[in-house]
Amino acid sequence: MRYPSGTSRYTGLYSGWQGQRGFESFSDPKICNFLEELKSGKGRRFELSDIAGHIVEFSADQHGSRFIQQKLEICSFEEKESVFKEVLPHASKLMTDVFGNYVIQKFFEYGSSEQRKELANQLTGQILTLSLQMYGCRVIQKVSSCASYMLSFKPDRYNYL
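Notes on the structure follow. The model shown is predicted, which means the values in this text are computed figures rather than measured ones.

What counts as what
Residues numbered from 1 in each chain as written. Predicted model: local features only at pLDDT ≥ 70, side-chain atom pairs only at ≥ 80, totals over all residues. Heavy atoms only, no water. Axes fitted to C-alpha atoms, helices over the stretch in contact; angles between N-to-C directions. Helix = DSSP H or I, 4+ residues; strand = E, 2+ residues; numbered from the N terminus. Parallel < 35°, antiparallel > 145°, perpendicular 65-115°, else oblique. Contact = heavy atoms within 4.5 Å. Salt bridge = Lys/Arg side-chain N within 4 Å of Asp/Glu carboxyl O. Buried < 20%, exposed > 50% of the residue type's maximum accessible area, 1.4 Å probe, protein only. Core = buried A, V, L, I, M, F, W, Y, C linked by side-chain atoms within 4.5 Å. Phe/Tyr/Trp six-rings, centres within 6.5 Å; stacked < 30°, edge-to-face > 60°.

1. Topic: the packing of helix H1 (residues 29-40) against helix H3 (residues 62-74)
Helix-helix packing is described using two parameters, namely the angle between the two axes and the distance between the axes. Remark: H1 packs on H3, axes separated minimally by 9 Å, with the N-to-C direction vectors making an angle of 75°. Here H1 lies roughly perpendicular to H3, going by the angle between them. Across the interface between the two elements, Phe34, Leu35, Leu38 and Lys39 from H1 touch His63, Gly64 and Phe67 from H3.

Here it is as structure tokens:
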């Protein structure tokens with residue numbers, strides 16, 4: 001499907017989100033510069049706090065998503081919680097996003113049990129739809145593999161699935 005110049009299928013998807021894939025569409029020049037530095041691999045070492053308030057936008061960008069994924073593997077609980085608070089209200093949309101789905105997957109893999117539980121609650125009534133969607137199915141696969149892994153550490157009385 002083609003969209004008129006200056007619009008895309010993501011326009012208006014998230015409040016405050018510019019909606020286009022290219023980082024040139026971000027209205028904040030600081031954010032645009034940040035993404036350019038991430039893309040080039042040059043520049044200073046960035047932290048999640050550098051993109052606070054823009055986590056959802058970065059999750060939907062190829063380089064921003066990769067940055068967040070890498071940080072979620074090693075960051076503190078407090079940093080993870082800060083990112084999670086921004087992601088959770090948009091989790092359903094990010095699950096079907098070409099780059100955002102990877103951020104959701106990382107939370108199922110590296111998030112706290114409470115974060116995984118809150119994300120799993122977002123799946124209620126959506127599993128079939130997500131399973132049939134190109135990127136959503138990857139989230140469902142991750143949930144399945146993480147759930148199997150977590151159940152393997154429960155006492156035998158819980159291994160009845």
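2. Side note on the side chain of Lys106
Considering the arrangement of structural elements, one finds Lys106 in helix H6 (residues 100-110). Leave out the neighbours within four places in its chain, and Lys106 touches Gln69, Leu72, Glu73 and Gly111.

3. Here we look at the pattern of salt bridges
Oppositely charged side chains can pair when the atoms bearing their charge come close. According to the stated counting rule, one finds three salt bridges in the structure shown. Its salt-bridge partner being Lys106, residue Glu73 comes within 2.5 Å of it at the nearest N-O pair. Taken together, the residues Glu73 in helix H3 and Lys106 in helix H6 connect sequence positions 33 residues apart. Residue Glu73 is classed as partly exposed on the basis of its relative accessible area of 37%.

4. Overview of the nonpolar core
Counting residues in hydrophobic clusters, the biggest one holds 31 residues, and the most contacted among them are Ile68 and Ile104. Of all the secondary-structure elements, those providing two or more residues to this core are H1, helix H2 (55-59), H3, helix H4 (77-87), helix H5 (91-95), H6 and helix H9 (136-151). Every residue in contact with Ile104, bar those within four places of it in the chain, is listed here: Val87, Ala91, Leu94, Met95, Leu119 and Val139.

5. Quick look at the environment of Ile104
Looking at the element boundaries, Ile104 is found in helix H6. Sequence separation between Ile104 and Gln69 is 35 residues; the distance between their C-alpha atoms is 9.0 Å.

6. Here we look at the packing of aromatic side chains
Throughout the structure, instances matching the rule amount to four aromatic pairs. Aromatic ring contacts, followed pair by pair, group Phe34, Phe46, Phe58 and Phe67 into a single cluster.

7. Focus on the environment of Ile55
Checked against the element boundaries, Ile55 lands in helix H2. Take Ile55: its relative accessible area is 1%, and that puts it in the buried class. Taking the C-alpha atoms as reference points, Ile55 and Val83, 28 residues apart in sequence, are found 6.6 Å from one another. The contacts of Ile55, once residues within four sequence positions are left out, are Leu48, Ile68, Val83, Glu86 and Val87.

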